[in-house]
Amino acid sequence: MAEEEIKFYMQEVDKDYVPKEGTLKDLEVDFKGLRYSSCSGFDSVGDIKNTYEEDYKDSDGVRAYIPSEPAYSATDMKLTIFFIGEDRCEVRDNFISYISKGLHSFWDTKRYKKAYVYLKDKIELEDSSWKGSIPYLKYTFTLRNVLGRCVNMKVQTEQ
């Protein structure tokens, strides 16, 4: 049995993480010439930020409040993408325009986890070269995962 191709998706969402209609993108299909390379920090979890502790001199322990539903501090993800082919600059510009518009959900068909991210830092060209006769541009985008963790998605299974 052949291994299934992994797909990478983004979709604009509102402040309540509700997807905006008509904004779903299959990154390697809707941006012809975009090639996903890697994403570090996807599985990172931020510090628990809504805990409280007290340490008294006359006590031999720490009193801690740990919530049943923890909130996490935001984390950073590094998304590395190649833009290849003759239209690489136009595709890059279209992708940057898309990703620069507010909050997005980001997921793939391998991990089945979703991150809610926005573009955090400046964008700089990392490499511009040729692989054989194919020209490419390499960029690493810093994305801020606002929930500080990824949320599980339903795994798609064939019936």
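See the structure shown above.
Residues numbered from 1 in each chain as written. Predicted model: local features only at pLDDT ≥ 70, side-chain atom pairs only at ≥ 80, totals over all residues. Heavy atoms only, no water.

Undergrad: Teacher, can you tell me more about the overall build of the protein chain here?
TA: Broken down by element type, the protein chain carries two helices and 11 strands. The N-to-C order of helical and strand elements in the protein chain reads β-β-α-β-β-β-β-α-β-β-β-β-β. When the 159 residues of the protein chain are sorted by exposure, 33% land in the buried category. Summarising the internal contacts of the protein chain: among those between residues at least 6 apart in sequence, 67% fall at separations of at least 24. Summing over all exposed atoms, the protein chain offers an accessible surface of approximately 10,500 Å²; the carbon and sulfur share of this is 46%. Taken as two groups, the 24 positive and 29 negative side-chain charges of the protein chain have centres that lie 2 Å from each other. (Helix = DSSP H or I, 4+ residues; strand = E, 2+ residues; numbered from the N terminus. Buried < 20%, exposed > 50% of the residue type's maximum accessible area, 1.4 Å probe, protein only. Contact = heavy atoms within 4.5 Å. Areas by Shrake-Rupley, 256 points an atom, 1.4 Å probe, with all protein chains shown as cover. Lys, Arg positive; Asp, Glu negative; His and termini not counted. Charge placed at Lys NZ, Arg CZ, Asp CG, Glu CD.)

Undergrad: Even after reading the chapter, I still don't get the nonpolar core, so can you show me in this structure?
TA: When a protein is soluble and globular, its nonpolar side chains tend to lie buried together. If you look at the biggest cluster of nonpolar residues, it comprises 26 residues, and the most contacted ones within it are M10, L79, F83, F95, F106, F141 and L143. Among the secondary structure elements, those contributing two or more residues to this core are β1 (8-12), β3 (34-40), β6 (75-84), α2 (88-99), β8 (113-119) and β10 (134-145). In terms of residues, this core owes the most to one element, α2, which gives five residues. For L143, the contacting residues outside a window of four places in its chain are M10, T75, D76, M77, L79, I99, V117, Y118, L119 and K120. (Core = buried A, V, L, I, M, F, W, Y, C linked by side-chain atoms within 4.5 Å.)

Undergrad: Where do I start with unusual backbone geometry in this structure?
TA: Positive phi is not limited to glycine here, since Y17 has a value of about 70°. Along the chain, Y17 turns up in the loop between β1 and β2 (25-26). Here Y17 falls in the partly exposed class, since its relative accessible area comes to 30%. Positioned with a positive phi, Y112 is a non-glycine residue whose angle comes to about 55°.

Undergrad: Is there a simple way to think about the pairing of strand β5 (residues 62-65) in this case?
TA: Side chains on a regular strand alternate between the two faces of the sheet. Judged from the four bridges that link them, strand β4 (residues 52-55) and β5 form a sheet pairing that is antiparallel. The partner of E53 across the bridge, within β5, is A64. Linking two consecutive strands that pair antiparallel, namely β4 and β5, is a turn of six residues. (Pairing = 2+ DSSP bridges.)

Undergrad: Where do I start with α2 in this structure?
TA: Because each turn of an α-helix spans 3.6 residues, side chains separated by three or four positions in sequence point in the same direction. Look at α2: 16 Å from first C-alpha to last across 12 residues, which is about the 16 Å you get at 1.5 Å a residue. Within the span of α2, buried status applies to R88, V91, R92, F95, I96, Y98 and I99. Angular distribution of buried residues about the axis of α2 spans 160°; they occupy a single face of the element. (Expected span 1.5 Å × (residues − 1). Arc of directions from axis to C-beta.)

Undergrad: Looking at this model, I keep getting lost on the state of the cysteines. Mind explaining?
TA: When the sulfur atoms of two cysteines share a covalent bond, that bond is a disulfide. Taken as a whole and assessed by the stated rule, the structure comprises zero disulfides. Among the cysteines around C39, which has no disulfide bond, C150 carries the closest sulfur, lying 8.1 Å off. For C150, a relative accessible area of 12% corresponds to the buried category. (Disulfide = S-S within 2.5 Å.)

Undergrad: Looking at this structure, I do not really get the environment of G33. What am I missing?
TA: If you trace the backbone, G33 turns up in the loop between α1 (27-30) and β3. When the C-alpha positions of G33 and R92 are compared, they lie 8.9 Å apart, and in sequence the two are 59 residues distant. The contact partners of G33, leaving out residues within four places of it in the chain, are F82, F83 and I84.

Undergrad: It is not clear to me how the pattern of salt bridges should be interpreted in this structure. Could you clarify?
TA: Between side chains of opposite charge, a pair can form when the charged atoms approach closely. Counting across every chain of the model gives eight salt bridges. A salt bridge links K15 to D16; the nearest nitrogen and oxygen atoms lie 3.4 Å apart. Under the relative-accessibility criterion, K15 is labelled exposed at 69%. Close ionic contact of E126 with K138 constitutes a salt bridge, the shortest N to O distance being 3.6 Å. (Salt bridge = Lys/Arg side-chain N within 4 Å of Asp/Glu carboxyl O.)

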